[in-house]
Structures are given as structure tokens and as C-alpha cells.
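# Notes for the structure review
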Amino acid sequence: MSGAPCGRRPTFSGLPGERVLEEAAAARQRCGNGGGSVPGTLLCTNRRLAFLPGQAPGSHGFLHSEVEVALPCIHKLVAASSFSKPKVLTATSTLKFIPEELAVFCRDFRLLHFYFPENGLAPQAFRVANAIAQAREAAAWLGDTAEGHDGWPCPGETPPEEEHEEEDKEEGLSTMLLFESLQDWEKELQRLGAVGWRVSAVNERFDMAPSLPQYLWVPSGLLDHDLKRTFAHFQERRVPRLCWHHPGGGDLLRAASFHPASEPGSEDVRCLETLLLGDRGPCVLANMAELPTLADIQLAHLRLQALCTGAVAEEKWLSALEGTRWLDHVRTCLRKAVEVVSLLAGKRCSVVLQEPLDRDLNCLLASLVQLLGDPHARSLPGFQSLVQREWVAAGHPFPRRLGLLHRDTPREEAPVFLLFLDCTWQLLWQFPGDFGFTEAFLLALHDSSFSPYFSTFRFSCQRQRGHSSMSRLPSQTYRPMGSWQDPGGHRRGSHTCTFPPVWAWGQRYSRQQREQFRNPMGPPAPAESLAPGTPGDLCLWGGARLVLTLAKGSLCPHPLPWWSHPPLRPPHRVSPSESQGTQGGLLGTCHPPPGLLLPCTAGPCIRLWHRCYLRGLPQEQQRGRLAPSLAGLAEELELLQDRLHAWNMRRPH
Amino acid sequence: EIRIKEPIEKEVNPHLLPGELLLCEASTVYKYMQEDGSNRGTYGKLVCTNFKISFLDDDSASDDNEPQFKNKIVGENDITLQCVDQIYGVYDEKKKLLTGQLRKYPEKLIIYCKDLRVFNFCLRYTKEEEVKRIVSGIVHHSQTPKLLKRLFLFSYASAAPNNTDGRNQTVMFETLEDWRDELERTKGNVKYKAVTTNEGYSVSEKLPLYFVVPLCISEESILKYEGRGIPIWCWSCHNGAALLKMSAFPKEQDDSTSQMQKAFLDGIYKTISKPPYELLKLDDLSSSLPSLQDIQTAYTRFKQLFLIDNSTDFWATDVKWFSLLESTNWLEIIRRVLKKAIEVAECLEIQHTNVLLIEESATDLCCVISSLVQVMMDSYSRTKSGFQSLIQKEWVIGGHRFLDRCNHLHKSEKEEAPVFLLLLNCVWQLVQQYPPAFEFTETYLTVLSDSLYVPIFSTFFFNSQHQRDTNKSGESLKTQSGPFRFLTVWDWAVQFDPKAQAFLNNPLYAEKPKPDKSQRKTARFKHQRQLSLPLTQAKPSTKRGFFREETDHLIKNILGKRIGKFINSSDEPPNSLREFYDSWHSKPVDYHGLLLPRIDGPEIKVWAQRYLRWIPEAQLHGGGTIATAAKILDLMEEVQSLQVKMDEEHSQAVSGDLHSVPMLRNSARLSSLFPFALLQRQSVKPALPTSTWKDLEDEDDLVKRDDEFVDLSGDML
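Conventions we followed
Residues numbered from 1 in each chain as written. Chains lettered and ligands numbered in written order. Predicted model: local features only at pLDDT ≥ 70, side-chain atom pairs only at ≥ 80, totals over all residues. Heavy atoms only, no water. Helix = DSSP H or I, 4+ residues; strand = E, 2+ residues; numbered from the N terminus. Buried < 20%, exposed > 50% of the residue type's maximum accessible area, 1.4 Å probe, protein only. Contact = heavy atoms within 4.5 Å. Areas by Shrake-Rupley, 256 points an atom, 1.4 Å probe, with all protein chains shown as cover. Pairing = 2+ DSSP bridges. Axes fitted to C-alpha atoms, helices over the stretch in contact; angles between N-to-C directions. Parallel < 35°, antiparallel > 145°, perpendicular 65-115°, else oblique. Left-handed = near helix turned anticlockwise from the far one by under 90°. Nonpolar A, V, L, I, M, F, W, Y, C, P; charged D, E, K, R; others polar. Patch = residues over 30% accessible without salt bridge, like charges linked within 9 Å, V, L, I, M, F, W, Y side chains within 5 Å. Salt bridge = Lys/Arg side-chain N within 4 Å of Asp/Glu carboxyl O. Lys, Arg positive; Asp, Glu negative; His and termini not counted. Charge placed at Lys NZ, Arg CZ, Asp CG, Glu CD. Phe/Tyr/Trp six-rings, centres within 6.5 Å; stacked < 30°, edge-to-face > 60°. Lys NZ or Arg CZ within 6 Å of the ring centre and 35° of its normal. pLDDT = per-residue confidence, 0-100. Core = buried A, V, L, I, M, F, W, Y, C linked by side-chain atoms within 4.5 Å. Domains from an automatic or database assignment. Buried area = accessible area lost by both parts, 1.4 Å probe. Expected span 1.5 Å × (residues − 1). Arc of directions from axis to C-beta. Disulfide = S-S within 2.5 Å.

### A short note on the overall build of chain A
Helices and strands together make up the secondary structure of chain A, namely 20 helices and 16 strands. Split into buried and exposed, the 653 residues of chain A put 62% on the buried side. Sequence separation of at least 24 residues holds for 71% of the intrachain contacts in chain A that already meet a minimum separation of 6. Carbon and sulfur atoms make up 55% of the accessible area of chain A, which amounts to about 24000 Å² in all.

### Here's the deal with the sheet that holds strand E13 (residues 283-287) of chain A
Residues and elements named next belong to chain A. Across the sheet, which stays open at both edges, the six strands sit in the order E11-E12-E14-E13-E15-E16 with mixed pairing between neighbours. Lying at the two open borders of the sheet, with one neighbouring strand each, are strand E11 (241-245) and strand E16 (554-557). If you compare each strand with its neighbour and ignore which way they point, the axes differ by 30° on average. Alignment of E13 against strand E15 (residues 547-551), held across four bridges, turns out to be parallel. Bridging across to E15, Val-284 finds its partner in Leu-548. Strands in contact with helix H9 (residues 326-346) are E11, strand E12 (251-256), E13, strand E14 (350-355), E15 and E16; relative to E15, the strand with the most contacts, it is inclined by about 150°.

### What about the packing of helix H10 (residues 361-373) of chain A against helix H11 (residues 380-393) of chain A?
Residues and elements named next belong to chain A. For the pair H10 and H11, the least separation of the axes is 9 Å and the interaxial angle reads 150°. Judged by the angle between their axes, H10 and H11 are roughly antiparallel. As H10 runs across H11, the sense of the crossing is right-handed. For the pair H10 and H11, contact is made by Cys-363, Leu-364, Ala-366, Ser-367, Gln-370 and Leu-371 and by Phe-383, Leu-386, Arg-389, Glu-390 and Trp-391, respectively. Broken down by class, the residue content of the contact of H10 with H11 amounts to seven nonpolar, two polar and two charged.

### Re the side chain of B:Thr353
Residue and element names in this part refer to chain B. Within the secondary structure layout, Thr-353 lies in the loop between helix H10 (330-349) and strand E14 (354-359). Judged by relative accessible area, Thr-353 falls into the buried class, the value being 8%. Ignoring anything within four residues of it in the chain, the contact list for Thr-353 reads Ala-241, Glu-278, Leu-279, Lys-281, Cys-347 and Leu-348.

### Quick word on a positive patch on the surface
Residues B:Lys94, B:Lys96, B:Arg103 and B:Lys104 make up a contiguous surface patch of positive charge. Mapped onto the secondary structure, B:Lys104 falls in the loop between strand E6 (94-97) and strand E7 (108-113).

### Notes on the packing of aromatic side chains
Inspection of every chain in the model, using the stated rule, returns 69 aromatic pairs over all chains. Between B:Tyr225 and B:Phe264 the ring centres are 5.0 Å apart and the planes differ by 70°, which places this aromatic pair in the edge-to-face class. With B:Tyr225 in the loop between helix H4 (219-224) and strand E11 (232-236) and B:Phe264 in helix H5 (residues 255-273), the pair connects residues that are 39 residues apart, well separated along the chain. Of the residues examined, B:Tyr225 reaches a relative accessible area of 16% and is grouped as buried. Measuring from ring centre to ring centre gives 6.2 Å for B:Phe387 and B:Tyr444, while their planes differ by 70°; the resulting arrangement is edge-to-face. Of the two residues, B:Phe387 is situated in helix H12 (residues 384-396) and B:Tyr444 in helix H15 (residues 442-451); the sequence distance between them amounts to 57 residues. Accessibility expressed as a relative area gives 0% for B:Tyr444, which makes it buried. In this structure, A:Lys76 is placed above the aromatic ring of A:Phe105, and the distance from its NZ or CZ to the ring centre is 5.1 Å.

### Examining the confidence of the model for chain A
All names here are of chain A. When pLDDT is averaged across chain A, the result is 74; 70% of the residues are at 70 or more. Per-residue pLDDT stays below 50 along residues 142-168; that stretch engages in 55 contacts with residues further than four places along the chain or on separate chains. Here residues 471-497 is modelled with pLDDT under 50, and outside its nearest four sequence neighbours on either side it reaches 46 contacts, counting other chains as well.

### Quick word on the pairing of strand E2 (residues 37-45) of chain A
Residues and elements named next belong to chain A. Of all nine residues that make up E2, seven are buried, and the element is covered over most of its length. Across eight bridges, strand E1 (residues 20-30) lies against E2 in antiparallel orientation. Residue pairing across strands places Glu-23 opposite Leu-43, the latter belonging to E2. With five bridges joining them, E2 and strand E3 (residues 48-53) adopt antiparallel strand pairing. By the bridge assignment, Leu-43 is partnered in E3 with Ala-50.

### With respect to the nonpolar core
All names here are of chain B. Ranked by internal contacts, the top residues of the largest apolar core, which has 323 residues, are Phe-387 and Ile-456. Here this core gathers at least three residues from each of two domains, domain 1 (22-59 + 69-144) and domain 2 (176-313 + 320-474 + 484-504). Ignoring anything within four residues of it in the chain, the contact list for Ile-456 reads Leu-17, Phe-51, Ile-73, Phe-152, Leu-153, Tyr-156, Leu-487 and Val-494.

### With respect to the domain arrangement of chain B
Residue and element names in this part refer to chain B. One can read the domain layout of chain B as domain 1 (22-59 + 69-144) and domain 2 (176-313 + 320-474 + 484-504). Spacing between the C-alpha centres of domain 1 and domain 2 amounts to 35 Å. Residue-level contacts link 28 residues of domain 1 with 28 residues of domain 2. Buried surface at the junction of domain 1 and domain 2, both sides included, amounts to about 2200 Å², of which 57% is carbon and sulfur. Interface area lost by domain 1 to domain 2 is led by Phe-69, Gln-82 and Lys-114, which between them contribute 29%. Put simply, domain 1 and domain 2 have one salt bridge between them. Linking Asp-85 and Lys-303 is a salt bridge whose minimum nitrogen-to-oxygen distance equals 2.8 Å.

### Quick word on the sheet that holds strand E4 (residues 68-70) of chain A
Residues and elements named next belong to chain A. Reading across from one edge, E4-E3-E2-E1-E8-E7-E5-E6 is the order of the eight strands in this open sheet, with antiparallel pairing throughout. A strand with exactly one partner marks an edge of an open sheet, and here the two such strands are E4 and strand E6 (84-88). With strand direction ignored, the average angle separating the axes of adjacent strands in the sheet is 30°. As judged from the two bridges shared by E1 and strand E8 (residues 111-115), these two strands associate in the antiparallel manner. Within E8, the residue paired with Arg-28 across the bridge is Tyr-115. In the packing of helix H2 (residues 122-138) onto the sheet, the strands contacted are E1, E2, E3, strand E5 (74-81) and strand E7 (101-106), and the crossing angle to E1 comes to about 115°.

### A look at helix H16 (residues 465-472) of chain B
Those residues of H16(B) that sit buried are B:Gln465, B:His466, B:Gln467, B:Arg468 and B:Asn471. Contact partners of the buried residues in H16(B): helix H2 (152-159), H12 and helix H13 (402-405) of chain B.

### Here's the deal with helix H7 (residues 292-304) of chain B
Residue and element names in this part refer to chain B. Here H7 contains 13 residues, and its C-alpha end-to-end distance of 18 Å stays within 8% of the 18 Å for a straight helix at 1.5 Å per residue. Of the residues making up H7, those classed as buried are Ile-295, Gln-296, Ala-298, Tyr-299, Phe-302 and Lys-303. Down the axis, H7 shows its buried residues gathered within 170° of arc, on one side only. Taken together, the buried residues of H7 touch strand E5 (84-91), helix H9 (321-328), H10, helix H11 (365-377), helix H14 (419-433) and helix H21 (608-612).

### Some thoughts on the state of the cysteines
Chemically, a disulfide is nothing more than a covalent bond linking the sulfur atoms of two cysteines. Inspection of every chain in the model, using the stated rule, returns zero disulfides over all chains. A:Cys423 carries a free sulfur, and the closest cysteine sulfur to it, the one in A:Cys333, is 4.8 Å from it. You can see B:Cys366 has no disulfide; the closest cysteine sulfur is in B:Cys367, sitting 6.8 Å from it. For B:Cys366, a relative accessible area of 0% puts it in the buried group.

Here you go:
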């Protein structure tokens, strides 16, 4: 993906293993509506559809990201000609006429138009259109169905590189944590100030729970030996572990549901209760009852896509939008996150997010809660670390959920991650002054989730990721995480074919574009550390083994499955010193504590993400990809300050 | 048993304006806090004067918590009599509308205001005598028909010291000069003239004293049908095409009369269609736009979405929010009006034709369309003084019947229609789509809409210039001080102190560059433009029509249906309109040139500041656009102070010590509904029912709470 040299036609440097199947020179891409078009070459490879503009203006990175579509990202391909009806192309239903125009509806809501002026190139147009239709079917990922094989044949070629970009200075990457090494987990735990917790390497060989990360945050009082007893009692062996610690004392944990067949013995119960309850006061189990199911999410997303890319002719916009239920799902997720974060901030208790398999909505909720409660998560590196920890390392099955797998595999598509991005956008929109990143950044992330060039969204868990890189690295015995960015060994030998993480933005976005990712009015300090928690304050309600469930906005006592008799009623009185604790509790305060965001989840406050979903509309395209930002003003301010400073330096005192 | 904190007997007196009289009062009234369903609230005195209904908080005297944005005339707990929309009484948990005579007195009073506030008063602890007096007083003074001269406007004007300064930049269009200046400004004076035919209102009481007609129109024709059938000039476009309006003849039974009228009209059309006049396009707004009745119905339904008794109601409507919104049809009406304005703009700008808007009285939808067209096409109308002059020209002097349309006198509900609000809603769409193009903010529009109900300004309290002039003389009142001198709403200092007025001005307004201005000015302008750059970065405009054929083709084939759905739902507009709209939107925006609103379904939004401002559930603490705006203000301030500093250093290079730049950072986190939300009252809504926690909490704490708020729940349920 190197820059286009000023030749007759820009050269096409593909990915490793990529071959051009068909190409049509002198095609044109239409820009916007009623506007002009750009001449260039339309290529179809075994990986993607790409358009190389003839006279590439300015920033090549921008064009690259704009006019190429990974084949699995193509939602629908429509060909039109003046002599026949528009036709939807698939592998089985190919073209019977010479297309004059080609519209590509993408799953990331883009809509690309190409057309072929009549200049004797008709056969090329015909061939390329059919090639795309067929390649699309053939090229869907094999994904993680085949063990140790990610579906991408990798000959010993060098990975795609951007030679001229100074990637070491990639800010996001250098300051963020990938959570692939022990140090990262240690460092983050320290930042959180979670006293009473430690990093456990019990799963270092993925033998305890294959889909969990190597390192887990568990109570200090629980030895690895005891911890091992707990795995069997949870679905997919995904035990409760810490996600986040509120400086006021509240702990956020996540876990899969209790294994239905488990019958823990007394020793196991002790370990389980140490893990779940500890001495941390009441424990609230937050289940996902009122949240949308995966099928709901998928259905809503399909409907939204249909509405926004215009496949349905809906007369009434607002009711059609409501009918998709997408915004409803966004709202439900936000509301649940507000409930959880209010509990954590107001009442010192621990909340355990419990989802049957702990790999979908738990990811979403755990990250949302942290966005609301932790200012660090709202900085750009903080957000990237968050996604890395709660989604990538935690084992969200991206390939299956984003529908990037081969057609034959059972489809378990549900864009949970995109739902999370929408929730994040709502927060960004509601609190523009509290985020270190911008809408442009979220859009880039949204689009990249369909892109095949990054490792981040191509695996279902850390183990699989490690496996795929290990299989190519027999020499390296126990450094499975060593991928593209390795703190120690920079980039390894040219035999590896690992793709960069999505966070290597410099690979696809120009410097100017990356400037747009940053919100100058966001939190001033990137890693504003939270006040350390106060130890000793932990025992709140007299150490009562109080377990409550949070469902549909209310709390009620709930026994753990192995408790034979109902739990003891909690003592009514709390000693006065505790009620005036560090965090007064939400109910009495006049203002939310600093750093806590409480979004509004009412109907009028939840909006459609225009710039993302309505991109296909011609009139939206004029608006530009990027929202206006304060960057200009901030820049001028900096300039003036510099000049003033220079003045003062020169002046004799 | 209920525990009531003994209200402290404190003498709280209402703050009365000159000419304001206290009519009745009741003490020990309990005002519920609106935000939650709980029975929290405060005790106080409810009073009714000839100007307002006012709740006097027992603690209000010691309230040193001054909000940043405060109306000097109408306080937080004041409701002007004209602002009252509906009053309900609650009898045994049943709500009943209160209108005229009352036989039974309610235990609770709910007042819905036209500015969308909702007040809940509990009268249970008030003496029966007082309840009777206050309830019937309030209902009588706010809900029953009244004489024009009984408006507070007159008492105020006769009692208030007249200290209006004439430094207002708004053109009032009360003199011939003003009209001539406007003609000159728009270069309309070549083909149009200001006439004095109506001096003394000899032609018509509906027409203004002075107005502008085409040069070729004779005085006789103006006189013939009292000004009906005469094209009246609104505005001239830079290319000479003009926007005209005309009041149509009512349907005549008599055949010969209508024949004559038809002949008269044909004559008029003929004269003004031949050179030097451009081609004439007629637009009968009564058939091409929704009727006033439709507008009133839609708005009534729409506002109901925001007049919420308590948060339970709010969450109940929440699930179906979008479909409820759509079913009101209000946004659709806004869209149709905006679309009509685009059509007119296209005729003027592209087709170079004159447009003649026709309506029965030419004072309702004509005003909306002509004002909108001017806001879109004339950047002067997007400045504060320009917009105010426009309202004067088209509405106040133009003869919009504010008294009837707002039903200020409760004469007839049939005449009521929120036409002016419709305009403000449409302008708001433009303001939020192109903020840098406007010198004023949405807050300006919101307080302007509130001013509709403040009867100390004459602006919105007459049906015509004639009505105002004849009532000005004060002959029926005993005053001997000569004619009244009414205040105008444009004198914002009456309502807001300078600090609050700052919220009406848009700090990011991209001022028109003036070449003769100093360097500073242009420098300032430059960074403002930079700020808006990403908006306009779209792409260089391409020659129109180069790829036109192909474009049309695909659009027809694949996208036609979808685009069609947004822009022309009902009738097929001429293709040129579509082309005009598309080609304008494909070019970078010139904030000083023509401005076309986006009118696709997803683009028409709810004016959140006006409609959601009193709903705490919709409030974001520390969020919303105000967060960005506040940051921008900070940055601008810093840039400016640095610039000043640079200048200083330049001029006197040998100055003394370095004084640090004062950073007037406002670190407070504002509410998204700023400047309207009542922050000091706001409390964070508990995300979870508190009951579960209650038994876990300290009992002492609960006791303390009971002291703070009187818990009435036991008795009320």
C-alpha cells in the first residue's frame, strides 16, 4: 500500500498473497451527488475491490481508505445499464448485460458508485463486475474454524509496510497497553489502585480457560491453587475476574454464568466465595436480562442498514427509524451501564457482570461502565487499551460476530462491537468535552472492523491469535503474544506474516487525518490517574454475605446456586463513620462526582449516528467524513503562545 | 401521620413592576419540585397580579444563588398571564380543566405554560377562603376573554418611566425613510416605490402606514379594493428579481363582482409582468402549504409531548418517542415550509422571476415564507439587527395578527395558530445546520419565543400598526401625559443584563470580511473561518452538466426512489428545484451567500433547547453542545487576550514586568440545557429504586432527610 508514484497509472502493491483477478481501466468513481467523478482503474483482487484514481490528489492514504472495500465487507452489488433493469449480482446470478454503472453497498454503510464511460471498454466492465460477484463469495474468511490457520495463506513475504511513516512515533501505540504481556496487566492494575487484587498467570498456557486471556486479575487472598478449583463451575471455564476498580472502592467483575452441572464441594465453595464475594461487601450480580439478544442486535442492524442504504422505500423516516429498534438497543445498553456505574460510584459494592458465555454483552457493558466512570478510558490511548482488554483479550469472537467467516459456518453474526461504538458515539455526542478522541476516530475504528489488514479483529481470543503466530514461529517457544508491536524485540524477522493491530493508524491514515482523531478539548492529561482506593474500608456491611441481583433496574436478594437456604438478612444499621465515607453515594449528592458521566437515555437524547449510517446518501457525502473540530483554534492558540514566549525570551529583562 | 415542618412566617412580598397591582394571594401553598414523582417541594405564597402569577418561595429572600442567565422581568417562579396555556385542577386524583366559573375548588393546581413549563401547586394546607380567591383569580385573569385595554401593556406604559434609549439598531419600518433605505439597500428602488397612500389609514386599517409597490401601480388601483389585489414588495434579490406578496380577494358570491375582480387582477398581472419587470410566478400559499388549522393541530399535539407532569409520564412516552414525534406532524410541516422557501429561492436566484405570494390576508404564511427566503438569501437578515428589522418589516408592521394568533385576549380559539413560532422553528433548523452563518444563537431564538408572552412590549401585542397607533393615544385612560410610549422587545436590556445578553450572540459568527477594517479584525475572522473549514472541505465544485447525463441515469435507476422519498414526498417538483438543491449542497458553504437548509427526513430536528429545557430527565450534566461552546469561548478568550498582549508588546517594547494572562476559565460543568436549566435545584436521578437501599442505610440519615423534605406520601396516596 505504498504511495502512488506519478506514473501513467498508479502501481498496485497488494497484500501478501493477493492477486489481481480483473481490472477495468478508465472507470470512473462518482463523488457525491450531482458532482463530478474521478477517473481511475477499478480492480478486483482475491481480497478486495479497489479503485486507483488516475490522478491521485494529495493524500494517498485518504483515498486508499476511501475507495477500497474488503470483499467480505460488500453487502450488495448492483449493476445498471440504460437497456435493462438494475440487477443485484451474486456468485450464482451473474451479469447478462454490459454494465454501465456499478453500485457497491458496503456493510460499513458506504455506498460506492463506479461507472464506465462508453469508450470500447465494455468487456472489461463486464468481466470486472462478474469477478467481484464471484470473488466475494469465494473470499469470505475461513477464520477460526480451522485451528492454527487463519484462512489467509501467508507466503514468506514482508508484511505490508509503510516505509516512510515514522511508526515509532505513533502516539496511540506507544502509550496504550495491548494486554499481551504480564507487565501491561500489572501496570494497569497499579493505575487502578485496586488494593486486594493481583495478576494471576494461572492461565498462561490457556489450559485453564482457552478463551480467557493469559493473565487474570483475581483477589490477592486467593492462591492460584485455590483459583484453579473455580474454573469448572463456570461456562466455558470463564471465571469471575476484575475489570475495573472505582477509586471509591467499588469493583467491577465479569464472569460467565454458573455451570449448570457443577456441584461444588465445600472447599470449592470457599474458593468460589473468596473469588466472588471476598470481603468486599455486598455483591451485585448484573445479568443481561433486559439487554437485547444477539439475534435482536443482528436484526436491528440489518434493518438499520436497509433503512440507511435505501433498500426499502419507507415513507416515514422517524417511525421507520424507530422500527429498526437499533436506537432502542443503544439506549438499553447505556441505561444498564448507568445503573452499574451508579452502584459502583455511589455504593461501595462489587458488581459482577454475568452473561452466559461472557463474550459479548459483557464486553460491551464492561467497557461502557469504564467509559462512564474512568476519565482515563476516555482518552485516546485509554480507549484503545480498553478495547484491547475488554474485547480483544477477553475473547470477543470478532470474526463470527462481524460475519466475516465463510458462508458455510453456522452464522452467528451480531455486530455487538458496532453497537458498542454507537453507544460510545452517543456519549461523545452528549459529552463532547470529556473525550480525548473524536467522531472521526470512532468512524475509522468502525470501518476498520471490516478491514482484513489488521490482526485486531481477526481472532476470537488470545489463544487463537497466539497460535497463528506461533505456528509460524517454531523457534519462539513461549512468547505467543509476540506480534507486530513487541516492546522488546521491535519487529521480528521477515518470515512472520503478522498484520499490524488496528491501532497502527499510520498504516492507513495520513498525518492530517490522524490529527483529526484527537479532540483538543478532551481531557487535558492523557493518563490522569485515579486517586488510590482506601484500604481497610472494605468491610462495609459487617462482612455480610449479601448477594443481590440487578435486573430491570431493581435489586433483590439472590442466593448463590450452591446456597441451600436463603441468605441472611443484612444488618440494618451501618456504623456512622461508614455512611460518611469518601464517596457520599449518588442519592444525596447534588452533582455527580467529578469524572463520572451520566448520559441521558431518554428518547430525545439518543440520536442516529448520521456520519456513520447515512454515509451512503449522496447529500451526506458533501458534508465530509470528518466533523468540524476545534483543532484550528487550538492550533492558533499554540502558535500565539509560542510567539509570545519567543518575544519574552528575546526581550532583555 | 404526616409531619409538616412549620413554615416560617416570613413576610415575602412580590416584586412588582410599575403599574402592576396585586390582585389576590394565598399563603402556605406547597409547590412540588417538578423533577421527580416524589412529593418534594417548597412552601410559599402564591400571588396573582394583573401581570403575572408568582410563587414566592419562603426561602427566596435569602437566595443568593443567582443564576448566570436571568430574566429581569419574568423570574423562575413567575408566569405571565399571557404565558398560561392551560390550568387543571385535581379533585380526588382526577384532573379537570379549569376554564370559567368554578363550583368546587381543587386540592391541587397544575399550570401548563406556553413556554412549556409545568407548575404543580398543592392547596391542601391553604385556608379555604384563600383557595377560592386564588383559584378563581388565576382562572379569571388568565383564561377568560379580556379587553385589549386591560392588557398589562397599558398600565405599564402609563406608569413606567420612559427611558428607552434610541440607540437600537433595529429598523422599525414606521417611517417612509426606513422603507426607502431598505429599497436602496436591496437596490429595489429602480422598479419599486414606497407609497404614502395609506397615511391616516385611509386605504385600509390592515395595511401599514407606508409600504412599497411596483412603480407602475397607480394610487387608484391601491384604493380600489382597499389594497387587496395589489402586489406588495417584500424584498429584492441581488439580480433584481423581487419577492412580492398580495392579499387575495375572498370568494365572492356575486358573479359580476368576481368578474370585475378577475379583470382587475389580470390587469395588475399584466402590468407587472412586462419589462422592466421580470416574469411573474404566482404562488397561492393557501393551497400549497398546510392550513393554519393544520399548523395549530400539529403544534398542539407536538407540545403535549413536552408538557409533562412528572418523570413517570416522561418515561412512559419514551419508548415510542420517534413515532409519537412523527404522528404530531409538526416536523413535517417545518419541512414543507422549508421546502417551499427553497422553491421560492430557486425562482428568484436561478430563474430570475419575480415571485408573488398570495394568501387571503397576506399576513400569515406569507410572512413565514418571505422571512425565511430573506434569511436564506440575505446575509444581513442573519445578523441580529437584520433579523430584528426583518421581523419588524414582515410581521410587526406587515400586519401579522399577533393578538389573535397567540390568543392573548382569549377572544376566539379558532383564530389561534402558532405561525410566528413556526418561523422561529424553521430559522432554528437553519441556525443549527449552519451556526457560523448567524450572528445570534439558538438561545436568542428561545428568549424571543418567550417574549411573545411578556406583555410589557408592544411588539407582539397588536394585530396591526393601525391598532397600535389608535390605542397609543391613551384617550380612554385618565392619563394626561399624552400618548403611551411602548417598549419594544428589541431592547434586550429590559429583560437581560449585559452578561446574560452575551448568550444571545454567537461567538463563532463568521463575520463578513470588511476590507477597510483593521488587521485585527481580519485576523480574527481568519481563525473563525479556519474553525469551520472541515465543514466546507467537501470538494471543489465541478462544472455543472459535464457528467450530468450519467449522473441522472444512475440516480433514476438505483437511487431515485430513495432520494425521492426525502425531498418530494407528495408532489413531483420541477426537476430544476432538485438540481438547484443538489448543486448548492455539492459546493462549499459560503456563510455570507445563499443558504439552503437540508430538508431530508433525518435532518429536521427537534428544537431541544426550547422544548426540552424544563425536563430534568433530558438534561446532561456537563454535556451537550454547550460543552463545546463553552470550550470555544474559553479558547477565543485566550486567543484574544494573547493577541492583545502581542499588540501591547509591539507598541511598547520597553514595558515593565510580565503580567500573567488572566485565564478566565470557567471550570464549572454546565448543564446541556444551559442557560435554562435550574442547576441549583437539579439532583441526580437515582438510577435504581432507592427502597432496597433504604434499609441498608443509616437510619439517622433517613431521619435527616425527613427534616429536609416534608414527606406527604402517606396522606396523598
